[in-house]
Amino acid sequence: MPVFTGPIDLHTHSSVSDGTETPAQLMRSAAAAGMGTVALTDHDSTAGWPEAAGVVAETGVALIPGMELSTRVQFASVHMLAYLVDPTDAALLAETERIRAGRLSRAEEIVRRIARDYDLTWDDVLAQTTPDATVGRPHIADALVARGLATDRSAAFAGILHWRAGYYQPHYAPDPLTGVRLIRGAGGVPVLAHPGTRGAESVIPVQRLKALVDAGLFGLEIDHRENTPDARERLHVLARRFDLVVTGSSDYHGEGKPNRFGEHTTDPAVLERIVAEATGASPVMP
Ligand code: AMP
Ligand code: FE
Ligand code: FE
Ligand code: ZN
């Protein structure tokens, strides 16, 4: 088992999805912020791994290759962190390609709707993405900012991109149980991302959680800025009951969100359990 130095931050996004820094820049920012170990967890893509791994020696920051898999229950999106999956696993690749294609057509549809009322084009959005990036509402937000229609991403999400504004449309995603099975099938370790953002009442029902645990769910990301205090209490009870590990992370998106590296961290013993459980990929050590 490699020895991981702290602070350990297990949830970050690069420009491969909706973060604003390239994977290499993200690793350098992590080093500048004093991180010892960082997981790169772009939405529905592992494409940033090689570039991030390429600067591990230079930065001295250990890399846990990961991904944040989109899943969905009716209209609610449920994010599943997938650590150390085999990036060549055929079933996982097919599903993430399907999700990314669905995200693309969905983003085009949202822009078509916005364009009825505002001066915004699909090219504006494309100008905010890097080639093959997982496209999301943050890129539409950046296009709105570039057009002077919002002051920053947060304002765009509170306004035009809010589901109540009338332009929102969900994107294709598998259900969470399928997500857990896909991650396990690829030798990875699934951890439910920010499961308490909508308060204790909206925390996943026990029966549904039990089904995920039976399928191989390994942990809950309880220490995350968007989990409400009452939800965290509830989640700790569930973590104890189902013997799930508890992780903490920043969900860093570069300048795309106020979240800073290391604002929440994960215990080294927990990371060791995650690594011991994984068979799909290995940490990249300095
Ligand atoms: P999408 O997956 O396309 O529906 O967009 C959701 C993504 O937008 C999440 O991954 C968040 O990182 C990001 N996001 C959500 N709310 C905000 C916000 N207020 N400011 C910046 N980014 C946000
Ligand atoms: Fe994001
Ligand atoms: Fe998320
Ligand atoms: Zn995230």
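Residues numbered from 1 in each chain as written. Chains lettered and ligands numbered in written order. Predicted model: local features only at pLDDT ≥ 70, side-chain atom pairs only at ≥ 80, totals over all residues. Heavy atoms only, no water.

Chemist: Teacher, can you tell me more about the coordination of the zinc ion (ligand 4) here?
Modeler: The protein atoms donating to the zinc ion (ligand 4) are His11 (NE2), His13 (NE2), Glu68 (OE) and Asp251 (OD), with metal-donor distances spanning 2.1 to 2.3 Å. The sequence motif formed by the donor residues of the zinc ion (ligand 4) is H-x1-H-x54-E-x182-D. Exposure remark for His11: the relative accessible area of 0% places this residue in the buried category. Since its relative accessible area comes to 1%, His13 is described here as buried. (Donors = N, O, S within 2.8 Å, 3.2 Å for Na, K, Ca; no water. Buried < 20%, exposed > 50% of the residue type's maximum accessible area, 1.4 Å probe, protein only.)

Chemist: Just to check I follow, could you spell out the nonpolar core for this structure?
Modeler: Grouped together as the largest cluster of nonpolar side chains are 61 residues, with contacts concentrated most on Tyr83, Leu209, Leu217 and Leu220. Ignoring any residue separated from it by four or fewer positions in sequence, one finds Leu209 in contact with Ile204, Leu217, Leu220, Leu238, Phe242 and Leu244. (Core = buried A, V, L, I, M, F, W, Y, C linked by side-chain atoms within 4.5 Å. Contact = heavy atoms within 4.5 Å.)

Chemist: Any chance you could explain the sheet that holds strand β6 (residues 219-223) here in plain terms?
Modeler: Strands pair in a sheet through their backbones, by hydrogen bonds, and they do so in one of two ways: parallel or antiparallel. Strand order in the open sheet formed by seven strands is β1-β2-β3-β4-β5-β6-β7, with mixed pairing between adjacent strands. Either end of the sheet is taken by a strand with one partner, and the two such strands are β1 (8-9) and β7 (245-248). With four bridges joining them, strand β2 (residues 37-40) and strand β3 (residues 62-73) adopt parallel strand pairing. Residue pairing across strands places Leu40 opposite Pro65, the latter belonging to β3. Helix α1 (residues 23-32) rests against β2 and β3 of the sheet, and its axis sits at about 155 degrees to β2. (Pairing = 2+ DSSP bridges. Helix = DSSP H or I, 4+ residues; strand = E, 2+ residues; numbered from the N terminus. Axes fitted to C-alpha atoms, helices over the stretch in contact; angles between N-to-C directions.)

Chemist: Before we go on, may I ask you to explain the coordination of the iron ion (ligand 3) in this structure?
Modeler: Each pair of donors in an ideal octahedron of six around a metal sits at 90 or 180 degrees, and each pair in an ideal tetrahedron of four sits at 109.5 degrees. Looking at the iron ion (ligand 3), one finds its protein donor set to be Glu68 (OE), His79 (ND1) and His194 (NE2), positioned 2.1 to 2.2 Å from the metal centre. One chain supplies every donor to the iron ion (ligand 3), and in sequence these donors are spaced E-x10-H-x114-H. Taken as an interatomic distance, the gap from the iron ion (ligand 3) to the iron ion (ligand 2) is 5.5 Å. Taken together, the residues span a long stretch of sequence, with Glu68 in strand β3 and His79 in strand β4 (residues 76-83) at a distance of 11 residues.

Chemist: What am I meant to see in the pairing of β3 here?
Modeler: Regular strands have side chains that alternate between both faces of the sheet. Within β3, 10 of the 12 residues are buried, leaving the element largely enclosed by the surrounding structure. In this structure, β3 lies alongside β4, joined through eight bridges in antiparallel fashion. Looking at the pairing, Ser70 lines up with His79 of β4.

Chemist: Any chance you could explain unusual backbone geometry here in plain terms?
Modeler: With the exception of glycine, most residues fall at negative phi, and the peptide bonds are largely trans. Here Gly6 and Pro7 are connected by a cis peptide whose omega angle stands at -10 degrees. Looking at the element boundaries, Pro7 is found in the segment before β1. With phi around 70 degrees, Asp132 is a residue other than glycine that occupies positive phi space. Overall, Asp132 belongs to the exposed group, its relative accessible area being 74%. Its identity as a non-glycine residue notwithstanding, His194 has a phi of 25 degrees, on the positive side.

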